[in-house]
Amino acid sequence: MNPQQPQDPNNRPAYYDANGQPVYGTPQPVQPQAPLDSSGGVQPQRTSHVTAAPDQVQGQNYDPAIRVQYANEPGVVHASRSIEPEPMEVSDKLQQRHEEAVKRYPHLNLSAGEFVILDIIRHPIGLFLHFAAGGVVLLALIIVMIVYPADPAAFGLPSFGLASAIGGLLMALVGLGTFIAVWVYLQNHFYMTNESVIQEIQHSLFSRHEQTVSLGSIEDASFKQNGIVQTMFNYGTIRLSTEGEETTYRFAFVANPRDQVATLNNAIESFKNGRPVDPYES
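Peer 1: Lay out the sheet that holds strand E6 (residues 207-214) in plain terms, naming residues and giving numbers.
Peer 2: Strands sit in the order E3-E4-E5-E6 across an open sheet of 4 strands; the sheet is antiparallel. Unpaired on one side and paired on the other, strand E3 (116-121) and E6 mark the two borders of the sheet. Going from strand to strand, the sheet's axes swing by 15° on average, the running direction of each strand aside. Looking at chain direction, strand E4 (residues 189-193) and strand E5 (residues 196-204) are connected through 4 bridges and run antiparallel.

Peer 1: Help me get a handle on helix H4 (residues 125-146), residues and values and all.
Peer 2: Every α-helix winds through 3.6 residues per turn, so residues three or four apart in the chain are directed the same way. Between the first and last C-alpha of H4 there are 31 Å, a value that for 22 residues agrees with the 32 Å anticipated at 1.5 Å per step. Along H4, the residues classified as buried are Ile125, Gly126, Leu127, Gly134, Leu141 and Met145.

Peer 1: Which residues make up the pattern of salt bridges, and what are the values?
Peer 2: Scanning the entire structure with this criterion turns up 3 salt bridges. Residue glutamate 200 pairs with arginine 208 through a salt bridge whose shortest N-O separation is 3.0 Å. The partner of glutamate 269 in a salt bridge is arginine 275, with the nearest N and O atoms 4.0 Å apart.

Conventions adopted
Residues numbered from 1 in each chain as written. Predicted model: local features only at pLDDT ≥ 70, side-chain atom pairs only at ≥ 80, totals over all residues. Heavy atoms only, no water. Pairing = 2+ DSSP bridges. Helix = DSSP H or I, 4+ residues; strand = E, 2+ residues; numbered from the N terminus. Axes fitted to C-alpha atoms, helices over the stretch in contact; angles between N-to-C directions. Expected span 1.5 Å × (residues − 1). Buried < 20%, exposed > 50% of the residue type's maximum accessible area, 1.4 Å probe, protein only. Salt bridge = Lys/Arg side-chain N within 4 Å of Asp/Glu carboxyl O.

Written out as structure tokens, the structure is:
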């Protein structure tokens, strides 16, 4: 015991020094020393943007909602998730509709309880355009064969047999091209399920892509008709815009677009409000 310190039995040591000797009295707080830079000077103290939450910093966004969502700050609540969540209960009627949709649309990736409500194909007027284009070319080739001169050598033309072979080959190519164009046109589909919208786009024989968006992510559904032809034959383009990245989805040559968009909007509203998404449900 240090003889310099009072030995009052009721006075307990406040702390012990580095040698293990008791020290009586109130300990003085140790002031931390500021760090030194490479030249020996004191570095300026910096305030953490996360803990101090400044009002604004150039080039940064400190909106409270964004900070809570993306920053590692106090007050952020992390919800726990079960490692083995319980399976969703699906009614017999919903399961039956799901199984029917899986059999009818085996190429679609349908989740449990998901079924197809809308299956939109392109308007038949697009087929007429393809057939008309192919027909005009074939008719031109036939006319050329009819008016082909009886004595082609006098005009410096190949023989009639060779010209007929070339014309037949060209007709076959035009017919094949028309068939491919019609097949590509018919492969474009627009599906709406009780959970999402699926758009299958076939650009060419070997170019295809699929787009899927949840009904909850769709911000706006509308249609557009341009010109007297689209108005007379009642077809147009459906347009969907999503939240966040402002992505826009378009599907052209849709028959009766007004009714299709009305069904889409009703389904989107029901999905966001937690109601059954089925316009045919009684």
